[in-house]
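# Survey of secondary and tertiary structure
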Amino acid sequence: MAAEKTDAGPRAAVPVDLRRERRLVCVEYPGVVRDVAKMLSTLGGEEGVSRIYTDPTKRLELYFRPKDPYCHPVCANRFSTSSLLLRIRKRTRQQRGVPGVEAYSKVEFDMEILGVVSTIYKFQGMSDFQYLAVHTEASGRHMSMYDKVLLLRPEKEVFFHQELPLYIPPPIFSRLDTPVDYFYRPETQHR
């Protein structure tokens, strides 16, 4: 699968073995990935991505806070593509023992085709407003309300009669995730 070593010049074509049986899916993730497990959990895990991939009509959803039920997702659209995933290694070897200007380094590139990418998910829409269940006390301290609002287990009647600050989350912020031109015009009057 790696490119054959030849004595060709820098502009010469090198024959490569293309493995078509290894199909890959690309997700253009809109963030810096430091932990792959956390990144996958924002997409619903491997099972969630696989479930979305099997149904071509569904969009891939990204939740920035996966454990928060009030988190609004950012959606990715599915596109067909014909791309390759390459692994390129650059090896630099310095010539030792030669002082001064005559010292040079030898650079080698090793290329390997990992697979063919046939489907790509792109996050093209805008991120919706995010709403946190937080109450600001008179002292300026912020208090999370998730343990007081979410029903995670059956509760007794006392739970429903406790004093709480008013918390009414909006059911939806925006209906569209792409910008549209909205021309403010008065409604037409028909007679």
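Description of the structure in this document. This structure is a prediction, so every number in the text was calculated from the model and none was measured.

This part covers the overall build of the protein. What the protein contains, in helices and strands, is 4 helices and 6 strands. For the protein, the α and β elements follow one another from N to C terminus as β-α-α-β-β-β-β-β-α-α. The burial tally for the protein puts 18% of its 191 residues in the buried class. For the protein, long-range pairs separated by at least 24 residues make up 59% of all intrachain contacts whose partners lie at least 6 apart in sequence. Accessible area of the protein: about 15,800 Å², with a carbon and sulfur share of 54%.

Turning our eyes to something else, we now look at the nonpolar core. Membership of the largest hydrophobic core is limited to 10 residues, which are M39, L43, V49, I52, L60, L62, V74, A76, Y121 and F123. When sequence neighbours within four positions are dropped, the list of residues in contact with A76 reads R59, L60, Y121, K122 and F123.

So, about the pattern of salt bridges. Inspection of every chain in the model, using the stated rule, returns 6 salt bridges. Here E108 and R93 are joined by a salt bridge, their closest N and O atoms 3.6 Å apart. Of this pair, E108 sits in strand β4 (residues 105-122) while R93 is found in strand β3 (residues 74-94), placing the two residues 15 residues apart along the sequence. E108 gets classed as partly exposed once you look at its relative accessible area, which sits at 22%. E108 is the salt-bridge partner of K106, the closest N and O atoms lying 3.8 Å from each other.

Time to look at the environment of L62. Tracing the backbone through its elements, the reader meets L62 in strand β2 (residues 60-62). Residue L62 is classed as buried on the basis of its relative accessible area, which comes to 0%. The sequence separation of L62 and P73 amounts to 11 residues, and the corresponding C-alpha distance is 5.2 Å.

One pass over the full model with this rule turns up 0 aromatic pairs. Residue placement shows K122 over the ring face of F79; its charged tip is 5.7 Å from the ring centre.

Rules used throughout
Residues numbered from 1 in each chain as written. Predicted model: local features only at pLDDT ≥ 70, side-chain atom pairs only at ≥ 80, totals over all residues. Heavy atoms only, no water. Helix = DSSP H or I, 4+ residues; strand = E, 2+ residues; numbered from the N terminus. Buried < 20%, exposed > 50% of the residue type's maximum accessible area, 1.4 Å probe, protein only. Contact = heavy atoms within 4.5 Å. Areas by Shrake-Rupley, 256 points an atom, 1.4 Å probe, with all protein chains shown as cover. Core = buried A, V, L, I, M, F, W, Y, C linked by side-chain atoms within 4.5 Å. Salt bridge = Lys/Arg side-chain N within 4 Å of Asp/Glu carboxyl O. Phe/Tyr/Trp six-rings, centres within 6.5 Å; stacked < 30°, edge-to-face > 60°. Lys NZ or Arg CZ within 6 Å of the ring centre and 35° of its normal.

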